[in-house]
Amino acid sequence: MCWSAEADLVAGVCVAAVGAACVARADRGRDLPLAVLPLLLGVHQMIEAAVWASDGGTGPAVLLWAVVALPLLALWVPVGVWCAAPHPARRALIVPLAAGAVTAAALGYVLATRPVRAEVRGHTVGYVLDLPHAPLAAVGYLVATVGALLLSGDRGLRTLGALAAAGALVCWALWRLEFVSTWCAFAALCSLALFGWVRGRPPVRPGPDGTR
């Protein structure tokens, strides 16, 4: 993952294929936002393959990659978790939802008003963005994504949240300047666990009138 254009492309295709299987397997409409996540992250890795092919810079692939990685995921993950979570757990998810909404709005504004540039650095890609209050934005992002999974009230999603948190620590320690790229690649791999989560969901029982 993220070591070369070829690695990103192959990994992206594989993760996207699992994501398509997750969507096909999802039995509940409220599970779909999370079931789609591996598909989204797989496509995201394929976009980064295009960034590699263009040798970084500031092209459309770079901007699209940043839009998915930053504002979109910051909001998508907590919303998806809220939809799938059991009702008793939803009150605890208000904080990740709020953090995701504020963080996504701030990151979206920055991407709309300031350029983002990709730099190929050996076997990784670094994304350079003039982001005000970057540590605060990072905290909001992790609360929204990892926090939502950990507070989901679902064992499978909590496990995914623990993996994502561990991956964030490792990527920050080893590739601080390329953290966003490497952690997104790690998150794409972790998202494969969602196939097991979808398969393990209890079947929907038809209602008295035959509806589901």
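Residues numbered from 1 in each chain as written. Predicted model: local features only at pLDDT ≥ 70, side-chain atom pairs only at ≥ 80, totals over all residues. Heavy atoms only, no water.

## Points about the nonpolar core
For step 1, the next point in the chain: Grouped together as the largest cluster of nonpolar side chains are 52 residues, with contacts concentrated most on Leu37 and Trp183.
For step 2, the next point in the chain: Element by element, the count of residues in this core is highest for helix H4 (residues 60-84), at 11 residues.
For step 3, the next point in the chain: Those residues in contact with Trp183 that sit more than four places away from it in its chain are Tyr141, Leu142, Thr145, Val146, Ala164, Gly167, Ala168 and Cys171. (Core = buried A, V, L, I, M, F, W, Y, C linked by side-chain atoms within 4.5 Å. Buried < 20%, exposed > 50% of the residue type's maximum accessible area, 1.4 Å probe, protein only. Helix = DSSP H or I, 4+ residues; strand = E, 2+ residues; numbered from the N terminus. Contact = heavy atoms within 4.5 Å.)

## What about the state of the cysteines?
For step 1, the next point in the chain: One pass over the full model with this rule turns up 0 disulfides.
For step 2, the next point in the chain: The thiol of Cys22 is unpaired, and the distance to the nearest cysteine sulfur, on Cys190, comes to 14 Å.
For step 3, the next point in the chain: No disulfide involves Cys83; its nearest neighbouring cysteine sulfur is the one of Cys22, lying 16 Å away. (Disulfide = S-S within 2.5 Å.)

## Topic: helix H6 (residues 134-150)
For step 1, the next point in the chain: Here H6 contains 17 residues, and its C-alpha end-to-end distance of 23 Å stays within 8% of the 24 Å for a straight helix at 1.5 Å per residue.
For step 2, the next point in the chain: Of all bends in H6, the biggest is about 30°, found at Val143.
For step 3, the next point in the chain: Those residues of H6 not exposed but buried are Ala137, Gly140, Tyr141, Ala144, Thr145, Val146, Gly147, Ala148 and Leu149. (Expected span 1.5 Å × (residues − 1). Bend = angle between axes of the 7 residues up to and from the residue.)

## Side note on the packing of aromatic side chains
For step 1, the next point in the chain: The tally for this structure, following the rule as stated, stands at 1 aromatic pair.
For step 2, the next point in the chain: Here Arg90 stacks its cationic end above the ring of Trp82, 4.1 Å away from the centre of that ring. (Phe/Tyr/Trp six-rings, centres within 6.5 Å; stacked < 30°, edge-to-face > 60°. Lys NZ or Arg CZ within 6 Å of the ring centre and 35° of its normal.)

## Here's the deal with the packing of helix H3 (residues 37-53) against helix H8 (residues 179-190)
For step 1, the next point in the chain: Between H3 and H8, the shortest axis-to-axis distance is 9 Å and the interhelical angle comes to 140°. Relative to H8, H3 is oriented oblique. Handedness of the crossing formed by H3 with H8: left-handed. Taking contact as the criterion, the partners of Leu41, His44, Gln45 and Glu48 in H3 are, on H8, Ser181, Cys184, Ala185, Ala187 and Ala188.
For step 2, the next point in the chain: For the contact of H3 with H8, the residue count by class is 5 nonpolar, 3 polar and 1 charged. (Axes fitted to C-alpha atoms, helices over the stretch in contact; angles between N-to-C directions. Parallel < 35°, antiparallel > 145°, perpendicular 65-115°, else oblique. Left-handed = near helix turned anticlockwise from the far one by under 90°. Nonpolar A, V, L, I, M, F, W, Y, C, P; charged D, E, K, R; others polar.)

## Some remarks on the environment of Trp82
For step 1, the next point in the chain: Within the element layout of this structure, Trp82 appears in helix H4.
For step 2, the next point in the chain: In this structure Trp82 comes out as partly exposed when scored by relative accessible area, which is 32%.
For step 3, the next point in the chain: For the pair Trp82 and Val198, spaced 116 residues apart in the sequence, the C-alpha separation amounts to 15 Å.
For step 4, the next point in the chain: Once residues within four sequence positions are removed from consideration, Trp82 is found in contact with Arg90, Leu93 and Leu97.

## So, the pattern of salt bridges
For step 1, the next point in the chain: Scanning the entire structure with this criterion turns up 5 salt bridges.
For step 2, the next point in the chain: The shortest N-O distance in the salt bridge between Arg117 and Glu119 comes to 2.6 Å.
For step 3, the next point in the chain: As a salt-bridge pair, Glu119 and Arg121 come within 2.7 Å of each other at their nearest N and O atoms.
For step 4, the next point in the chain: Residue Glu119 is classed as partly exposed on the basis of its relative accessible area, which comes to 26%.
For step 5, the next point in the chain: Arg121 gets classed as partly exposed once you look at its relative accessible area, which sits at 26%.
For step 6, the next point in the chain: Linked through salt bridges whose partners overlap, the residues forming this network are Asp31, Asp154 and Arg201. (Salt bridge = Lys/Arg side-chain N within 4 Å of Asp/Glu carboxyl O.)

## A word on the pairing of strand E2 (residues 124-129)
For step 1, the next point in the chain: When you tally the buried positions in E2, you get 5 out of 6 residues, the bulk of the element.
For step 2, the next point in the chain: Pairing geometry for strand E1 (residues 116-121) and E2, over 6 bridges, is antiparallel. Across the sheet, Glu119 pairs through a bridge with Gly126, a residue of E2. (Pairing = 2+ DSSP bridges.)

## Considering helix H1 (residues 5-25)
For step 1, the next point in the chain: Here H1 contains 21 residues, and its C-alpha end-to-end distance of 30 Å stays within 8% of the 30 Å for a straight helix at 1.5 Å per residue.
For step 2, the next point in the chain: For H1, the full list of buried residues reads Ala5, Asp8, Ala11, Gly12, Val15, Ala16, Gly19 and Cys22. Seen from one end, H1 has its buried residues packed into an arc of 135°, which puts them on one side. Structural note: H1 exposes Glu6, Val10 and Ala24 on the side pointing more than 90 degrees away from its buried face.
For step 3, the next point in the chain: At its buried positions, H1 is contacted by helix H2 (32-35), H3, H8 and helix H9 (193-200). (Arc of directions from axis to C-beta.)

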